[in-house]
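# Breakdown of the fold
Residues per chain are reported as follows:
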Amino acid sequence: MKKSIFFLTLFFPLAFGFSMSQAKNLSLDLEPPNATVVSKTSNSISFDWDDCACLSPVYRVFYRNGGFVSTEYSTTDSEFTFSDLTPGNYVFYFYTVSGTEVSGFIVIEDTLDV
């Protein structure tokens, strides 16, 4: 019995051309592709990104300004505007949730001037 389980553990990944560790890394493909700043004012900044090639993505976004971390916002759109910001240096974070898969972060640093 143990030999059968050992054989199946080795055979299935080889038969399908991938290993289990590769299957776990598929979530990395969920990151919001090409996230960029599309406009900004003295108190807002807008981002846009390409939709991920995944089923029913929900994009999560938030920012850090100094020691302050904003509320995490969810959107199904591939764009988001942060408003009511004060001038300063910001770090914006983007990630995707699709079913039970969660992507890594896309991080964009920017400064809002007076």
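Refer to the structure presented above.
What this report covers is the structure whose coordinates are included nearby. (Residues numbered from 1 in each chain as written. Predicted model: local features only at pLDDT ≥ 70, side-chain atom pairs only at ≥ 80, totals over all residues. Heavy atoms only, no water.)

A cluster of acidic residues, D48, D50, D51, D77 and E79, forms a negative patch at the surface. Here E79 lies in strand β6 (residues 79-82). (Patch = residues over 30% accessible without salt bridge, like charges linked within 9 Å, V, L, I, M, F, W, Y side chains within 5 Å. Areas by Shrake-Rupley, 256 points an atom, 1.4 Å probe, with all protein chains shown as cover. Salt bridge = Lys/Arg side-chain N within 4 Å of Asp/Glu carboxyl O. Lys, Arg positive; Asp, Glu negative; His and termini not counted. Charge placed at Lys NZ, Arg CZ, Asp CG, Glu CD. Helix = DSSP H or I, 4+ residues; strand = E, 2+ residues; numbered from the N terminus.)

Our focus in this paragraph is the pattern of salt bridges. With the rule as written, the count across this model stands at two salt bridges. K40 is the partner of D110 in a salt bridge, and the nearest nitrogen-oxygen pair spans 2.6 Å. Placement of the pair is D110 in strand β9 (residues 106-112) and K40 in strand β1 (residues 36-40), with a sequence separation of 70 residues. Notably, a salt bridge pairs R60 with E72, separated by 3.5 Å at the nearest N-O pair. Here R60, found in strand β3 (residues 58-65), pairs with E72, found in the loop between β4 (68-69) and β5 (73-75); they are 12 residues apart in sequence, far enough to count as distant. Its relative accessible area of 37% is what places E72 among the partly exposed residues. (Buried < 20%, exposed > 50% of the residue type's maximum accessible area, 1.4 Å probe, protein only.)

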